[in-house]
Amino acid sequence: MNFIRTAFRVLLLAIVVAGLTACGQPGTRREQAPVVAPPAVNAEDGTPAPAHDEVAGWAAVESGIHGDATRGKALIAKYECNRCHAGTGQPAPDFLHQCVGCHQRIEARTLPFPKEKLDEWRRQTRHYITTPSLAALGRTLRPSWVVSFLHEPVKIRPHEEEWMPQLRIPESDARDMAAFLTMGAEAPRAASMADADAARGKEIVSRKGCFLCHEFTGASRADVTMEVPPMAAEAFATGHSQAPDLRITRARFRPDALAKWIRDPSSVRDGALMPALGLTEEEARDAAAYILSTPLAPEPPPEPPLVRLPVLERHVAYEEVAARVFRRSCTHCHADPGPNGDPGPGSTGGFGFAPRGVQLLSFPGTQLGFIADDGVRRSLFAREPALDRLGGTRLVAALVARHEEVAGRPVPEVRGMPMGLPGLSPEDIQLVETWVSEGAPRL
Ligand code: HEC
Ligand code: HEC
Ligand code: HEC
Ligand code: HEC
């Protein structure tokens, strides 16, 4: 198999050129960022739209969302959504471009490498192993929410560190992609929730083991003993990591499909990761009413800005920064261009981004700087007055900006890094900042 051989060569190259890092967990777990509501206006008369069909208005909101599905399909190819997601309507990219595909093979130990090597990689590969499939998205998700999410992603699955990355997607592109992804779904209809009882639903959801997997931030729960549903350990682990915070469900899920989903997820979408838990039709309707309508406490206040630590009073050379930060968190997005493999979207371009030329996995690469908006290469380590409040240099500012993005305060001047992952710890940022303050030396 050709791609395995190529993969072999590339991985070998990666080992030789970059060396391999010790395992460990960079970044800190963050609480979920504020949830942004979808465009919540009634298309007909501009009045605020209801959150669900009890007020029979959601269908009007969704029919007001239009996009060009043919263009959407082409955009999904342009943004390379298939590098991380199945079910995009695009064939899988070649193996060396599959972020998730390769990580899954590392996890499953099915690459042709010695066991020790695979075990080591397996310990180091923590992210982008499981991502939601986008197949038949319109059976569950509201197009209006998909539009707002692609434009400005929020955290969905609180037990998983990686986010959908903040790509530079204008709203018109988001609409067209949402139109393609939800194409062919049934037209929205009112669901008969009239006799559903949210109070009973609260009791059912609290008792049936739903909170083993789900958070429901800001909602009150019933004080009852939880039944533990019989489930294989592995199915439970995946289900737990992939379970959305039910707080955002009222903004994103089709209310007319919710009760059916709760009863039997696979009857709504093939391959659903949530098990059927044996609820009756009536119980599922009550549970849906609770999820859609129980009052929610206001969002917790956003995280305060990161407090940067003073630079270290010791020498820091490239290798230490590479081992602790670049090879651990920037890998596969910022490599040097070479004969094999893909240097990554932050280097030669990808995910819809133009090449920015940021190469962090070799010392000479770091000295080349980045390609600025005017097409000119500039240093990653030079002071840019516009970035002073974020640490002053492009490299440090990108790391500080990620903390701001996660706290719901995106920074216009610079994109937060590591893209789609939790911000680095203050100690790791301090290390990078010390290295930069010493002139980013090799030795
Ligand atoms: C680098 C990998 C990556 C790329 C590239 C990517 N995504 Fe995602 N996407 C994710 C991850 C991870 C999540 C889950 C985030 C969470 O749970 O908070 C996600 C979630 C989603 C969701 C929500 C689905 C659900 O069931 O919750 C949609 C819709 C989506 N992505 C669409 C897209 C589209 C369209 C593109 C291309 C424009 C794209 N993604 C590109 C990683 C990626
Ligand atoms: C050919 C296989 C392969 C491909 C393709 C690949 N990776 Fe990796 N990835 C690995 C291995 C092996 C590791 C752990 C060892 C290392 O860092 O080299 C890793 C580690 C990582 C890490 C650091 C550890 C972690 O989980 O946070 C990130 C981030 C990462 N990859 C992101 C990506 C992204 C984004 C893409 C797509 C642009 C990608 N990878 C494509 C094999 C791959
Ligand atoms: C084993 C873990 C697990 C259990 C237990 C579980 N779920 Fe889920 N649930 C999931 C996963 C995973 C998803 C995401 C769907 C997917 O990716 O297939 C999900 C999706 C949902 C959604 C859609 C949320 C959204 O915004 O997309 C709702 C609503 C929901 N579950 C309700 C429930 C209720 C009610 C119960 C209890 C009767 C329950 N779940 C029990 C794992 C679980
Ligand atoms: C999932 C892929 C990915 C990961 C992981 C990642 N980057 Fe990036 N990075 C990108 C992309 C794509 C761009 C180009 C963004 C743009 O053009 O707006 C970029 C741009 C940058 C820039 C220029 C930012 C700007 O706005 O000018 C810096 C600096 C940078 N990355 C540093 C890092 C560092 C340091 C890490 C690890 C701690 C990292 N990146 C991890 C994908 C990634």
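Residues numbered from 1 in each chain as written. Chains lettered and ligands numbered in written order. Predicted model: local features only at pLDDT ≥ 70, side-chain atom pairs only at ≥ 80, totals over all residues.

1. Some remarks on the overall build of the protein chain
Logical step 1: The helix and strand tally for the protein chain stands at 18 helices and 2 strands.
Logical step 2: Counting the 443 residues in the protein chain, one finds 39% classified as buried.
Logical step 3: Relative to all contacts within the protein chain whose residues are 6 or more apart in sequence, the contacts with residues 24 or more apart total 68%. (Helix = DSSP H or I, 4+ residues; strand = E, 2+ residues; numbered from the N terminus. Buried ≥ 20, exposed ≤ 12 C-beta atoms within 10 Å, placed from the backbone. Contact = placed C-beta atoms within 7 Å.)

2. Some remarks on the packing of helix α15 (residues 318-329) against helix α18 (residues 426-437)
Helix-helix packing: each pair is described by the crossing angle between the helix axes and the interaxial distance.
Logical step 1: Between α15 and α18, the shortest axis-to-axis distance is 10 Å and the interhelical angle comes to 150°. Classed by the angle they form, the pair α15 and α18 counts as roughly antiparallel. Helix-helix and strand crossings are classified by hand; for α15 and α18 the assignment is left-handed. Contacts between α15 and α18 involve Glu-320, Val-321, Arg-324 and Val-325 from the first element and Asp-428, Leu-431, Val-432 and Trp-435 from the second. (Axes fitted to C-alpha atoms, helices over the stretch in contact; angles between N-to-C directions. Parallel < 35°, antiparallel > 145°, perpendicular 65-115°, else oblique. Left-handed = near helix turned anticlockwise from the far one by under 90°.)

3. Observations concerning the site of ligand 3
Logical step 1: Around ligand 3, the structure places 31 residues, and the nearest of them are Cys-210, Cys-213, Gly-239, Thr-249 and Met-274.
Logical step 2: Broken down by element, the shell around ligand 3 gets its largest block of residues, 4 residues, from helix α10 (residues 233-242).
Logical step 3: Of the residues contributing to the shell around ligand 3, the split by class is 23 nonpolar, 6 polar and 2 charged. (Near = placed C-beta within 6 Å. Nonpolar A, V, L, I, M, F, W, Y, C, P; charged D, E, K, R; others polar.)

4. Points about unusual backbone geometry
Logical step 1: Along the chain, Met-417 connects to Pro-418 via a cis peptide bond; the corresponding omega equals 0°.
Logical step 2: In this structure, Tyr-128 is a non-glycine residue whose phi angle is positive, near 55°.
Logical step 3: Tracing the sequence through the fold places Tyr-128 in the loop between α5 (115-124) and α6 (143-151).
Logical step 4: By C-beta crowding, Tyr-128 is classed as buried, having 22 other C-beta atoms within 10 Å.
Logical step 5: Positioned with a positive phi, Phe-351 is a non-glycine residue whose angle comes to about 55°.
Logical step 6: Within the secondary structure, Phe-351 is located in the loop between α15 and α16 (363-367).
Logical step 7: On the basis of neighbour counts, which here come to 21 C-beta atoms within 10 Å, the residue Phe-351 falls in the buried class.

5. Some words on the site of ligand 2
Logical step 1: In the vicinity of ligand 2 there are 26 residues, among which Cys-99, Cys-102, Trp-121, His-127 and His-332 approach most closely.
Logical step 2: Residue assignment for the shell around ligand 2 shows that the elements contributing at least two residues are α1 (2-18), α4 (99-108), α5 and α15.
Logical step 3: Here the shell around ligand 2 spans two domains, since at least three of its residues come from each of domain 1 (31-181) and domain 3 (318-437). (Domains from an automatic or database assignment.)

6. What about the packing of helix α8 (residues 198-207) against helix α14 (residues 281-293)?
Logical step 1: At a minimum axis distance of 7 Å, the contact between α8 and α14 shows a crossing angle of 100°. Classed by the angle they form, the pair α8 and α14 counts as roughly perpendicular. Here Ala-198, Arg-200, Gly-201, Lys-202, Ile-204 and Val-205 of α8 come into contact with α14, specifically with Glu-283, Asp-286, Ala-287, Ala-288, Ala-289, Tyr-290 and Ser-293.

7. Observations concerning the nonpolar core
Logical step 1: Formed by 51 residues in total, the largest nonpolar core has its most connected members in Val-146, Met-177, Ala-178, Leu-258, Ala-287 and Ala-288.
Logical step 2: Among the secondary structure elements, those contributing two or more residues to this core are α3 (69-78), α4, α6, α7 (171-181), α8, α9 (210-213), α12 (255-263) and α14.
Logical step 3: Broken down by element, the residue count for this core peaks at 7 residues, all from α14.
Logical step 4: Formed jointly, this core draws a minimum of three residues from each of two domains, domain 1 (31-181) and domain 2 (198-293).
Logical step 5: Apart from residues lying up to four places away in sequence, Met-177 is in contact with Gly-72, Leu-75, Ile-76 and Leu-150.
Logical step 6: Counting residues in hydrophobic clusters, the runner-up holds 33 residues, among them Ala-322, Leu-361, Leu-421 and Leu-431. (Core = buried A, V, L, I, M, F, W, Y, C linked by C-beta atoms within 7 Å.)

8. Overview of the environment of Arg-200
Logical step 1: In this fold, Arg-200 is placed in helix α8.
Logical step 2: Arg-200 gets classed as partly exposed once you count the C-beta atoms within 10 Å, which come to 17.
Logical step 3: Along the chain, Arg-200 and Asp-286 lie 86 residues apart, while their C-alpha atoms are 6.2 Å from each other.

9. Section: helix α17 (residues 394-406)
Logical step 1: Compared with the 18 Å implied by 1.5 Å per residue over 13 residues, the 18 Å span of α17 between its first and last C-alpha is a close match.
Logical step 2: With 13 of its 13 residues buried, α17 lies for the most part within the structure.
Logical step 3: Just past α17, the residue Gly-408 takes up positive phi, approximately 85°. (Expected span 1.5 Å × (residues − 1).)

10. Quick notes on α6
Helical geometry note: an α-helix holds 3.6 residues per turn, so side chains three or four residues apart project in the same direction.
Logical step 1: Of all 9 residues in α6, 9 are buried; the element is thus mostly enclosed.
Logical step 2: Regarding α6, the residues found buried are Pro-143, Ser-144, Trp-145, Val-146, Val-147, Ser-148, Phe-149, Leu-150 and His-151.
Logical step 3: In this fold, the buried residues of α6 make contact with α2 (58-63), α7 and α11 (249-252).

11. Thoughts on the environment of Arg-122
Logical step 1: For Arg-122, the position within the fold is in helix α5.
Logical step 2: In this structure Arg-122 comes out as partly exposed when scored by C-beta crowding, with 16 C-beta atoms within 10 Å.
Logical step 3: Those residues in contact with Arg-122 that lie beyond four places of it in its chain are Ile-106, Glu-107 and Arg-109.

12. A short note on the confidence of the model for the protein chain
Logical step 1: Confidence in the prediction of the protein chain, expressed as mean pLDDT, is 88, and 87% of residues score 70 or more.
Logical step 2: A low-confidence stretch, residues 1-55 (pLDDT under 50), is modelled with 109 contacts involving residues beyond four sequence positions or located in other chains. (pLDDT = per-residue confidence, 0-100.)

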